[in-house]
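Remarks on the overall topology
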Amino acid sequence: MNFIIVDDNKTFRESLKFHLESTLNYTVLNEYEDGVSFLDSENIHLADIILMDIEMPKMNGIEVVKKALWENSFLKFIAVTSYTDKAYLLDLLGAGFKACVFKSSIFEELEKAIIAVQHKHFYFPGDINLEDNKS
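In this text the structure is predicted, and so the values were computed from the model without any measurement. (Residues numbered from 1 in each chain as written. Predicted model: local features only at pLDDT ≥ 70, side-chain atom pairs only at ≥ 80, totals over all residues. Heavy atoms only, no water.)

1. Points about the pattern of salt bridges
Per the stated rule, a full pass over the model turns up 8 salt bridges. Salt-bridge contacts for K103 lead to D53; the nearest nitrogen and oxygen are separated by 3.8 Å. Taken together, the residues K103 in the loop between β5 (99-102) and α5 (106-118) and D53 in strand β3 (residues 49-53) connect sequence positions 50 residues apart. Neither K103 nor D53 differs from the other in exposure class; each is buried. One salt bridge connects K66 with E63, and the closest N-O pair in it is separated by 3.8 Å. With K66 and E63 both in helix α3 (residues 61-71) and 3 residues apart, the pair spans about one turn of that helix. Judged by its relative accessible area of 40%, K66 falls in the partly exposed class. (Salt bridge = Lys/Arg side-chain N within 4 Å of Asp/Glu carboxyl O. Helix = DSSP H or I, 4+ residues; strand = E, 2+ residues; numbered from the N terminus. Buried < 20%, exposed > 50% of the residue type's maximum accessible area, 1.4 Å probe, protein only.)

2. Section: the confidence of the model for the chain
Averaged over all residues, the pLDDT of the chain equals 90, while 90% of them reach at least 70. For the chain, helix α4 (residues 89-95) is the element with the lowest average pLDDT, namely 86, and strand β1 (residues 2-6) is the one with the highest, namely 98. (pLDDT = per-residue confidence, 0-100.)

3. A closer look at the packing of aromatic side chains
Inspection of every chain in the model, using the stated rule, returns 5 aromatic pairs. Measuring from ring centre to ring centre gives 6.2 Å for F77 and F97, while their planes differ by 75 degrees; the resulting arrangement is edge-to-face. A residue pair is termed long-range when its members are at least 10 positions apart, and F77 in strand β4 (residues 77-81) and F97 in the loop between α4 and β5 qualify at 20 residues. Classification of F77 by relative accessible area gives buried; the value is 0%. Note on F122 and F124: the rings are 6.3 Å apart at their centroids and 25 degrees apart in plane angle, and the pair reads as stacked. (Phe/Tyr/Trp six-rings, centres within 6.5 Å; stacked < 30°, edge-to-face > 60°.)

Take a look at the structure:
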C-alpha cells in the first residue's frame, strides 16, 4: 500500500514514515509539512491512504480533506492528531475522514485503523469527542 503523510512536525513525519516502511512494510510516496503543499501536489491520487494532521498552519486538516475530496472523492484519509480534546467525531466524519488515531497511541493503533479503512470500515478512538466543534 502507498501512503502520503501530511504533518507540520518533521520529527513526527520521519518516525511515522520509518514505522510505516520498516515495521508495517508499506511505501510512503511523499510527505508534506502543510495542507496547502499537499493540495498543490500532482501525485495525491496515487496514495491508497493519506495520514492527515488536524492542527496545521496555513490550513487545518479538516479543510484540506474537504477540498481534496471535492476533486478526488475516492481518496481515503486517516486523521492523526495529538489534541484529544479538539478531535470531534462529527467534524471528522463530516469532512470525510475514514479513521482517526491519536499521536499518543499511533504505533499501537495505526495498523488497526489502516486495516479498517482497507476493508471500507471506519475506525475512531473510543474516547473521541462526539459533539460538533462549535467554536
